[in-house]
Amino acid sequence: WGPPGTGKTTTLASILTHLSSSGERTLVCSIANVAVDALLIKFLKELKDYTPKLYEAGAIIRAGSTFSETILKEDKLFSYKTEIKQLKLKVDDLRLLLNTEVNDNLRMNAIRDLRETRRQIKNKQKDAYLKANTIFCTSAYSLFDEALMNITFDNLIIDEASMMNIPYLLWLGRFSTKRVIVTG
């Protein structure tokens, strides 16, 4: 813990760089998207400055939502979402079809296709998460992302932990197999 401007985010970015260069997988969570994004931006700057080879498509993922223009410009963070986006469009089309009057055979096929497409989305997300070295998300996102549910990481970093309630902290602890780093 420390007041703003004391170097917590910079220190965490350095720790993340060390963990990434050691080949360890890390989940980074915070209570708010703003805090997740601030740490991710600092981490990316450090990686680009000192170990750019660690920043390749799919190695780092920003899961969940962000409104940060800086992060949204980083295509490598979202490379896995291209295929998923196409599958989600298919889901939308199938939903529209199911909301119209169609014969029973077509409806059953659409329902089967919808289930299969949702399964494909979940599997593609899970594959991307398993290949990634570092994943950034909010603690709430970690509760609801089915693809993230049964994945473990070497490390868990929780930023702004003093703002989190105890059940969130306990939930997050299940993701780590080696160490938990709690700050803020």
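Residues numbered from 1 in each chain as written. Predicted model: local features only at pLDDT ≥ 70, side-chain atom pairs only at ≥ 80, totals over all residues. Heavy atoms only, no water.

### As for the side chain of Thr26
Structurally, Thr26 is set in strand β1 (residues 26-30). On the basis of relative accessibility, which here comes to 0%, the residue Thr26 falls in the buried class. (Helix = DSSP H or I, 4+ residues; strand = E, 2+ residues; numbered from the N terminus. Buried < 20%, exposed > 50% of the residue type's maximum accessible area, 1.4 Å probe, protein only.)

### Comments concerning the environment of Ala59
Of note, Ala59 is situated in the loop between α2 (33-50) and β2 (60-62). Taking the C-alpha atoms as reference points, Ala59 and Arg174, 115 residues apart in sequence, are found 22 Å from one another. When neighbours within four sequence positions are excluded, Ala59 is seen to be in contact with Leu54, Ala132, Asn133 and Thr134. (Contact = heavy atoms within 4.5 Å.)

### Observations regarding the sheet that holds β2
Reading across from one edge, β2-β3-β1-β4-β5 is the order of the five strands in this open sheet, with parallel pairing throughout. Edge strands, defined here as strands with exactly one partner in the open sheet, are β2 and β5 (176-182). Along the sheet, successive strands turn relative to each other by an average axial angle of 15 degrees, direction set aside. Here five bridges tie β1 to strand β4 (residues 153-159), and the two strands are oriented parallel to one another. (Pairing = 2+ DSSP bridges. Axes fitted to C-alpha atoms, helices over the stretch in contact; angles between N-to-C directions.)

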